[in-house]
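Structural features, examined
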Amino acid sequence: MNDNIGQVDRWLRIILGIALIAAAATNVLGMWAYIGIIPLATGLIRWCPVYSLLGMQTTPKTPSSET
């Protein structure tokens, strides 16, 4: 399982996930806001299964070593 989430994407997911979970815990939003667990988890592990299915990644491309 290779990382497919870059730094900016990662921090946006973590912040969004925490915000949604906090909103659900304080009843600002309904129970559905606990869906914030998903972006929080994907941000923490730096891997998104949807990106893998679509062949996407937001990590920087590493230059290939040519011999």
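Data block above holds the structure.
Attention in this report is confined to the structure presented alongside it.

Here is what the cut-offs are and how they apply
Residues numbered from 1 in each chain as written. Predicted model: local features only at pLDDT ≥ 70, side-chain atom pairs only at ≥ 80, totals over all residues. Heavy atoms only, no water. Salt bridge = Lys/Arg side-chain N within 4 Å of Asp/Glu carboxyl O. Helix = DSSP H or I, 4+ residues; strand = E, 2+ residues; numbered from the N terminus. Buried < 20%, exposed > 50% of the residue type's maximum accessible area, 1.4 Å probe, protein only. Axes fitted to C-alpha atoms, helices over the stretch in contact; angles between N-to-C directions. Left-handed = near helix turned anticlockwise from the far one by under 90°. Contact = heavy atoms within 4.5 Å. Nonpolar A, V, L, I, M, F, W, Y, C, P; charged D, E, K, R; others polar.

A short note on the pattern of salt bridges
In this structure the tally under the stated criterion is one salt bridge. Where Asp9 meets Arg13, a salt bridge forms, and the shortest distance between an N and an O atom there is 3.0 Å. On the criterion of helical spacing, the pair formed by Asp9 and Arg13 is a turn pair, its members being four residues apart in helix 1 (residues 7-25). Residue class for Asp9 comes out buried when judged on its relative accessible area of 15%.

Topic: unusual backbone geometry
Positioned with a positive phi, Asn27 is a non-glycine residue whose angle comes to about 60°. For Asn27, the location among the structural elements is in the loop between helix 1 and helix 2 (37-45).

Describing the packing of helix 1 against helix 2
In the contact formed by helix 1 and helix 2, the axes pass within 7 Å of each other and the chain directions differ by 150°. By crossing handedness, the relation of helix 1 to helix 2 is classed as left-handed. Judged by residue contacts, Arg10, Arg13, Ile14, Leu16, Gly17, Ile18 and Ile21 of helix 1 engage Ile37, Pro39, Leu40, Thr42, Gly43 and Leu44 from helix 2. Residue composition of the contact of helix 1 with helix 2, by class: eight nonpolar, three polar and two charged.

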